[in-house]
Amino acid sequence: MIPGPTPVPETVLKAMGRHPIGHRSGPFQALVRHTSEQLRWLHQTSQDVLVITGSGTAAMEAGIINTLSRGDKVLCGDNGKFGERWVKVSKAFGLDVEVVKAEWGQPLDPEAFRKALEADVEKKIRAVILTHSETSTGVMNDLETISKYVNNHGTALTIADCVTSLGACNVPMDSWGLDVVASGSQKGYMMPPGLSFVAMSERAWQAYERSDLPKFYLDLGPYRKTAIKDSNPFTPAVNLYFALESALEMMQAEGLEAIFARHSRHRAAAQAGMKAIGLALYAAEGHGSPAITAVAPEGIDAEQLRKAVQAKFDILLAGGQDHLKGKVFRIGHLGFVCDRDVLTAVSAIEATLQSLGLHQGEIGAGMAAAARELN
Ligand SMILES: Cc1ncc(COP(=O)(O)O)c(C=O)c1O
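Residues numbered from 1 in each chain as written. Predicted model: local features only at pLDDT ≥ 70, side-chain atom pairs only at ≥ 80, totals over all residues. Heavy atoms only, no water.

Novice: Honestly, the site of the ligand in this entry has me stumped. Any pointers?
Specialist: Residues in close proximity to the ligand total 14 residues, the closest being Ser 55, Thr 57, Thr 135, Asp 161 and Lys 187. Ser 55 places a side-chain nitrogen or oxygen 2.5 Å from an oxygen atom of the ligand. Interatomic distance of 2.7 Å between a side-chain N/O atom of Lys 187 and an oxygen atom of the ligand. Alone, the ligand offers 390 Å² of accessible surface; in the complex the protein occludes 86% of this. (Near = heavy atom within 4 Å. Polar contact = N/O pair within 3.5 Å; in protein donor to acceptor, adjacent residues only side chain to side chain. Areas by Shrake-Rupley, 256 points an atom, 1.4 Å probe, with all protein chains shown as cover.)

Novice: What is the right way to read the nonpolar core from this model?
Specialist: Across soluble globular proteins, nonpolar side chains show a tendency to be buried alongside one another. Core analysis: the largest hydrophobic core is formed by 51 residues, its most contacted members being Leu 117 and Met 191. In terms of residue count, the dominant contributor to this core is helix α10 (residues 238-254) (9 residues). Split by domain, the residues of this core number at least three in each of domain 1 (10-254) and domain 2 (256-373). Cys 76, Leu 220, Tyr 223 and Ala 227 belong to the second-largest nonpolar core, a separate cluster that totals 34 residues. (Core = buried A, V, L, I, M, F, W, Y, C linked by side-chain atoms within 4.5 Å. Buried < 20%, exposed > 50% of the residue type's maximum accessible area, 1.4 Å probe, protein only. Helix = DSSP H or I, 4+ residues; strand = E, 2+ residues; numbered from the N terminus. Domains from an automatic or database assignment.)

Novice: How should I be thinking about the sheet that holds strand β13 (residues 329-332) in this particular structure?
Specialist: Across a sheet, strands are paired by hydrogen bonds formed along the backbone, either parallel or antiparallel in direction. The 4 strands lie next to each other as β10-β11-β13-β12, forming an open sheet whose pairing is antiparallel. Lying at the two open borders of the sheet, with one neighbouring strand each, are β10 (280-281) and β12 (318-319). Taken together, the 4 bridges between strand β11 (residues 292-296) and β13 define a ladder with antiparallel strand orientation. Note on β13: the bridge partner recorded for Val 295 is Phe 329. Across the sheet, helix α11 (residues 256-277) is in contact with β10, β11 and β13; its angle to β11 comes to roughly 15 degrees. (Pairing = 2+ DSSP bridges. Contact = heavy atoms within 4.5 Å. Axes fitted to C-alpha atoms, helices over the stretch in contact; angles between N-to-C directions.)

Novice: Even after reading the chapter, I still don't get the sheet that holds strand β9 (residues 195-200), so can you show me in this structure?
Specialist: Spatially, β1-β9-β8-β7-β4-β2-β3 is the arrangement adopted by the 7 strands of the open sheet, whose pairing is mixed. Two strands in the sheet have a free side with no partner beyond their single neighbour: β1 (49-53) and β3 (96-101). Adjacent strand axes in the sheet meet at a mean angle of 20 degrees when their direction is disregarded. Relative to strand β2 (residues 73-78), helix α4 (residues 81-92) is tilted by about 160 degrees, and along the sheet it contacts β2, β3, β4 (125-131) and β7 (157-161).

Novice: Help me understand the environment of Ala 370, please; the structure alone is not making it clear to me.
Specialist: Within the element layout of this structure, Ala 370 appears in helix α14 (residues 365-373). Separated by 341 residues in the primary sequence, Ala 370 and Gln 29 have C-alpha atoms spaced 45 Å apart. When neighbours within four sequence positions are excluded, Ala 370 is seen to be in contact with Ala 269, Gly 273, Leu 343 and Val 346.

Novice: Explain the packing of helix α8 (residues 202-210) against helix α9 (residues 220-228) to me, please; I cannot follow it from the model alone.
Specialist: The description of two packed helices rests on the angle between their axes and on the distance between the axes. The interhelical angle for the contact between α8 and α9, taken along N-to-C directions, is 125 degrees, at an axis separation of 11 Å. Considering the angle they form, α8 stands oblique to α9. Contacts from Glu 202, Trp 205 and Tyr 208 in α8 reach Leu 220, Gly 221, Pro 222 and Arg 224 in α9. Of the residues belonging to the contact of α8 with α9, the class tally is 4 nonpolar, 1 polar and 2 charged. (Parallel < 35°, antiparallel > 145°, perpendicular 65-115°, else oblique. Nonpolar A, V, L, I, M, F, W, Y, C, P; charged D, E, K, R; others polar.)

Novice: Whenever I open this one, unusual backbone geometry confuses me. Can you help?
Specialist: Leaving glycine out, the prevailing phi sign among residues is negative, and the prevailing peptide bond configuration is trans. In this structure, the amide linkage connecting Gly 4 to the following residue, Pro 5, adopts the cis form with an omega of -5 degrees. Of note, Gln 44 is a non-glycine position whose phi angle comes to about 50 degrees, a positive value. Mapped onto the fold, Gln 44 is located in the loop between α2 (26-43) and β1. Although it is not a glycine, Met 190 adopts a positive phi angle of roughly 65 degrees.

Novice: Can you help me understand the pattern of salt bridges in this one?
Specialist: Between side chains of opposite charge, a pair can form when the charged atoms approach closely. For the structure shown, the criterion picks out 15 salt bridges. Between Arg 203 and Asp 179 there is a salt bridge, and its shortest N-O distance comes to 3.1 Å. Linking Arg 203 in helix α8 with Asp 179 in the loop between α7 (173-176) and β8 (180-184), this pair joins segments that are 24 residues apart in sequence. For Arg 203, a relative accessible area of 26% corresponds to the partly exposed category. As a salt-bridge pair, Glu 202 and Arg 224 come within 3.4 Å of each other at their nearest N and O atoms. (Salt bridge = Lys/Arg side-chain N within 4 Å of Asp/Glu carboxyl O.)

This is the structure we're talking about:
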């Protein structure tokens, strides 16, 4: 129950266990053709979704270096560990970064972006860069509204980390006007780590033509050119493509709406369970992520609880990151997660609190509250 790597279905693992095939062969081309269609479906886009061998950060970096130039002004949303990462990547490539901050646990304020964009009459801002689902705090940022403001600006691009939102909730790339969408296989894709994905809008491809940042392995031009021929510029992770096809087939069989509904039900169950036990949620009310619920148990060492749940029930929860270590634990409910998993996690937390002598109120209240949300 961590937000990645997430559980991998057996059919996906088995698909991956096949002998690798030549990446310039007809069968591999057919596989690329099929997975490209599936990826467009998942992203709700008519653009190619390019596949890179790497983790999610490779897709984030690719989004920056393929659309921007040295010294370009960008607005970076920062309300957690992954917002901070955007700032670091942007600075590493010499961009002129203006940080739009919100406290950890709070969502980014779309109005702050609107004001900065409207004040930019000289059209200096080249991109607005943000995280959709901030995994470190379990907070959802309002990407749809912020992207609308960016589109009103006219020239800036929206570059979004959708690593823990894609496959958990609606991220319709084309209808929201997103320019760069980055994601990674070990999350909503229900796959092992190793593939990252980046999709770019037509506007982003126009920016690519002007972009002067150094790139080679992550230069998306060759990826796009070869994608047209159902291929890849380098030797791709062939076996992860087998897994990708299998995982996306499972997702298509379930359907996007059903996948989103399942994640939102699991968020409701995790939140209700924690509240009924008397544990405070870390994310601001109404802004919790469908992928992860962060819990800040007052007066309880979150790390001690997390370790005890693992020792007692073999259920791995995620810890707090940076200054949240010991203060927060996080329940991942992303990807291949079913009602039983969420109910078991809530019950295990409750039972562990009881065995540590830390449970207050009636035992079973958390499980009952979670169960009600799963009806
Ligand atoms: C919101 C978010 N962005 C980006 C990443 C990418 O990290 P990685 O490069 O480890 O796949 C993660 C993974 O935890 C994430 O949760």
